[in-house]
Amino acid sequence: MRSITRAGLRAIGLLAATGALCAAATVPAMADEPGTTWQPELSEGTGNGVVVSPDGARFDRSTAFGAPADEGDTESSADPAEVVPTGLLTLAPRTLDAPTREVDSRLVADTPPGSTASVDVRGKRAGGGWTEWIAAQDSRTELPEAVTEVQGRLVLTATGAADPTVRELTLTATPGSGAESEPVTEAAPRSYSVFATREGLVGGTTANGHKIVNRDRFVALPSRRALSANGKTDYSVKVCAPNGRCAIAPVWDIGPWNTKDDYWNPSNQREMWKDLPQGVPQAAAARNGHNGGKDQFGRRVANPAGIDLGDGIFWDVLGLKDNSQVQVDYLWTGSQRLSAIRTEGTPDIQILARPEAGAESVGIAVDATEVPVQCTSGAFVRIGDGQYLPATAFTGLPGDVPACDAAAPSAPSPAAPAAPAAPTAPDASAAPSAPGTPAAPGTSAAPAGPDASAAVGGSPAPVPAAPAAPSAATPSASAPSSSTPSAPSAPSAPSAATGPGAGAPAAGGSTAGTPSPGSATAPTPATGVPTGDNQAARVTPGSAQRAPSGTS
């Protein structure tokens, strides 16, 4: 089946399904079951694709986002990929009396043929941030660490004529033996070099219900596990372009290509693709033959994108001219102290190169995002090497933030994961690319320019060793030139968001210090299938738009 972009899904009618409603009722938690048991109030939930009435939380196909079906041959047919409209309802969190790592979820729901109802769970870390959302398996969710605050999220899907309705949800947190939280040791967030595409799709709706506006400032990652609620910034990234400019922005959409590819997690914790090394997006591995060159829906992968950037991030903040390799810090994965910023009515605040008023801008932080706090320098706070924000921008700072001249050494970088044996492609011996080189802790180093040693002419890439520790020096490579050789571009998205590929339209929003796209020439990359750190940092005029994820 041909690829369907998010914009195209809104035009597809759902297949009718017949049959009587089947009740998926379960028994509420027993009174003598150990642990804390509660029933979240459905009417207090917020989300997209779900409406709450006295009868319960009902799937709402008019506001649901779409995703390709998880099953079926999507290459041999000319029909559009099957659509699975999905609704999410985030419920109120619950503070517990004792730490837990295991939560039982019991639903009372009506699930007609072609529909599902399930639960995601997450917990509040000792350092203040949230774990990722973890889907319940056989009504149980095991969290990665002990937590004392738990939150549930309903996930409703429907491809039939009737809609599922959740009548009641009961959650039980089981106290863990020895589940007391361990002391927090500061560690930098995971950081990988991945290929970025432009989201576009102005006027469309993201997976969390956000209406995309012109020059919007958010990102998309290919996993529901790190999706922030609409207007929230629980999961944010710092993304840096080769020219050294950076943006801190929330994750408000799912894509590109896959929807269950949390590639930043250790291999054994990934929701799918556990055979791939940590830090390698499946789309990048598919370009080297993984899964027969297809994504999770069986679609032929046209580029190795691991992140989508809203147009305002892509053009105005990072100054990108076309698709590019970028360095991404997944801020929720570290244990560094984070503090929220408030911009007093503006969408973002400028990140300054020096701790002084009037210093040149080296990027932006979107309003309400939580940014790393390293140390203070007068009236400014350092959030990365050569990156400062005024202290007045923060809603509150920890009382023990050191002065920069007396600051302790930066938090250690996460250990570089050893690459497991690469899977053998069905038609070749090509191995997936190695993860991008993690950034040095606390730095804003942009990724290095394309590696001239990339495989040529589609030859299989050798299995690389685990990534080496990078230099702290910030590369000076600029955004890729539109004249460089290209990897196959993403299929055009049917959306008014698509702008000129050869350059950005006139910039809007905060642009102080933004370089002119294409103002310098990047190193010329090698031709052929990308490998290693260079997962295809190459462009074609007109290709600066997202790879299709299928979400709507």
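Refer to the preceding data block for the structure.
Given the structure is predicted, the values throughout are model-derived calculations rather than measurements.

> I'd like a description of the packing of aromatic side chains, backed by residues and values.
One pass over the structure, following the stated rule, counts 8 aromatic pairs. Summarising the aromatic geometry, the rings of tyrosine 192 and tyrosine 330 are spaced 6.5 Å apart at their centres and angled 45° between planes, so their arrangement reads as tilted. Taken together, the residues span a long stretch of sequence, with tyrosine 192 in strand 12 (residues 190–198) and tyrosine 330 in strand 17 (residues 324–330) at a distance of 138 residues. Assessed through its relative accessible area of 3%, tyrosine 192 is described here as buried. Judged by relative accessible area, which is 0%, tyrosine 330 ranks as buried. For the pair tyrosine 263 and tyrosine 330, a centre-to-centre distance of 5.9 Å together with 85° between the ring planes defines the contact as edge-to-face. With tyrosine 263 in the loop between strand 15 (246–254) and helix 2 (282–286) and tyrosine 330 in strand 17, the pair connects residues that are 67 residues apart, well separated along the chain. Clustering of aromatic rings is evident, with ring pairs tying together Tyr192, Tyr235, Tyr263, Trp264, Tyr330 and Trp332. Looking at arginine 122, its charged tip hangs above the ring of tryptophan 130, at a distance of 4.1 Å from the centre.

> For the state of the cysteines, give the residues involved together with the corresponding values.
Following the criterion strictly, the structure yields 2 disulfides and no others. Paired through a disulfide, cysteine 240 and cysteine 246 show a sulfur-sulfur distance of 2.1 Å. On the S-S bond that ties cysteine 240 to cysteine 246, the torsion sits near 110°, and the link is right-handed. Just as cysteine 240 is buried, cysteine 246 falls in that class too. Through a disulfide, cysteine 375 is tied to cysteine 404; the S-S separation comes to 2.2 Å. On the sign convention where negative means left-handed, the S-S torsion of about 90° between cysteine 375 and cysteine 404 marks this disulfide as right-handed. Of this pair, cysteine 375 sits in strand 22 (residues 375–377) while cysteine 404 sits in the segment after strand 24 (387–390), and the two are 29 residues apart along the sequence. Each bonded cysteine of the protein chain gets a number by its place in the sequence, and the pairs then read 1-2, 3-4.

The rules behind these values
- Residues numbered from 1 in each chain as written.
- Predicted model: local features only at pLDDT ≥ 70, side-chain atom pairs only at ≥ 80, totals over all residues.
- Heavy atoms only, no water.
- Phe/Tyr/Trp six-rings, centres within 6.5 Å; stacked < 30°, edge-to-face > 60°.
- Helix = DSSP H or I, 4+ residues; strand = E, 2+ residues; numbered from the N terminus.
- Buried < 20%, exposed > 50% of the residue type's maximum accessible area, 1.4 Å probe, protein only.
- Lys NZ or Arg CZ within 6 Å of the ring centre and 35° of its normal.
- Disulfide = S-S within 2.5 Å.

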